[in-house]
Amino acid sequence: MTAVFSHGRLRLYLLKLLDDGPKHGYELIRLLEDRFLGLYAPSAGTIYPRLQRLEAEGLVSHTAAGGRKTYDITDAGRAELHQRAGELTELESDIAASVADLSSLAGEIRSEVRGSVRDLKRELSEATRQTRRTRWEGAPAAPPRPTSTAGPQAALLDELDQRLATFTAEVGRLVRARQFSDTQLSTAIRLLDGALDGLRRLLR
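Residues numbered from 1 in each chain as written. Predicted model: local features only at pLDDT ≥ 70, side-chain atom pairs only at ≥ 80, totals over all residues. Heavy atoms only, no water.

Chemist: Quick one: what's the story with the packing of helix α2 (residues 25–35) against helix α3 (residues 44–56), residue by residue and with numbers?
Modeler: At a closest axis distance of 10 Å, the pairing of α2 and α3 adopts a crossing angle of 120 degrees. What the angle tells us is that α2 and α3 run oblique. Remark: the crossing between α2 and α3 carries right-handed chirality. Residues Gly-25, Tyr-26, Leu-28, Ile-29 and Leu-32 of α2 pack against Ala-44, Ile-47, Tyr-48 and Leu-51 of α3. Counted by class, the contact of α2 with α3 contains 8 nonpolar, 1 polar and no charged residues. (Axes fitted to C-alpha atoms, helices over the stretch in contact; angles between N-to-C directions. Helix = DSSP H or I, 4+ residues; strand = E, 2+ residues; numbered from the N terminus. Parallel < 35°, antiparallel > 145°, perpendicular 65-115°, else oblique. Left-handed = near helix turned anticlockwise from the far one by under 90°. Contact = heavy atoms within 4.5 Å. Nonpolar A, V, L, I, M, F, W, Y, C, P; charged D, E, K, R; others polar.)

Shown next, in the form of structure tokens:
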């Protein structure tokens, strides 16, 4: 759970969301994800136990239809929300600050991912040029074989260029498509670094 919801503040925000109208658990999860611009989304294991406790305390109630529970705030829940109006205002301010910090961090990580992709493309392109130069500019080569390998190798180098361009375009598309969590972006950076290290060792 993000730190902004420590010390029981998530239950207060759930009451606030339910005060806007009845909702089922999945809707509450999506509303929280939207509030954090996709950078944080609570799990079902975080939301449903708190809804159950709120119901046990008489602050919310639920109706069931089609196997899905829809939760609604009770008069007691509205009374608590009114009593804690000051806390709610402070919480909204903290959420806004947290979203700004997370957005800044995500932007930095996305820049690192793009930088890693550019570095990978540049190093692979340079390795391809070096290989071609060695092959086609008279550098020492293995003894000739009965059939020429120039054609097949050129085709493989062209395929490498094509695969690299496709890889770069696809990674760029994925990064631009949506907001990612810090964990996802950090893992992506590690994967790119690992791939780059492996290719460096292979192409030396």
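Chemist: Outline the nonpolar core, listing residues and values.
Modeler: One finds Phe-5, Tyr-13, Leu-14, Leu-32, Leu-91 and Ile-95 to be the most contacted residues of the largest nonpolar core, which totals 26 residues. Elements represented by at least two residues in this core include exactly α1 (9–19), α2, α3, β3 (68–73) and α5 (85–136). Those residues in contact with Tyr-13 that lie beyond four places of it in its chain are Phe-5, Leu-32, Arg-35, Leu-88, Leu-91, Glu-92 and Ile-95. (Core = buried A, V, L, I, M, F, W, Y, C linked by side-chain atoms within 4.5 Å. Buried < 20%, exposed > 50% of the residue type's maximum accessible area, 1.4 Å probe, protein only.)

Chemist: Describe the packing of aromatic side chains, and please don't skip the residues or the numbers.
Modeler: Counting across every chain of the model gives 2 aromatic pairs. Seen from their ring centres, Phe-5 and Tyr-13 are 5.8 Å apart, and the 45 degrees between their planes marks the pair as tilted. On the basis of relative accessible area, Phe-5 is assigned to the buried category, the value being 1%. On the basis of relative accessible area, Tyr-13 is assigned to the buried category, the value being 3%. (Phe/Tyr/Trp six-rings, centres within 6.5 Å; stacked < 30°, edge-to-face > 60°.)

Chemist: Describe in detail α1, supporting the description with residues and values.
Modeler: Counting buried positions along α1 gives 8 out of 11 residues, so the element sits mostly inside the fold. Every buried residue of α1 is listed here: Arg-9, Leu-10, Leu-12, Tyr-13, Leu-14, Leu-15, Leu-17 and Leu-18. Trailing α1 by a residue or two, Gly-21 shows a phi angle of about 145 degrees, which is positive.

Worth remembering: the numbers are spatial, not functional.
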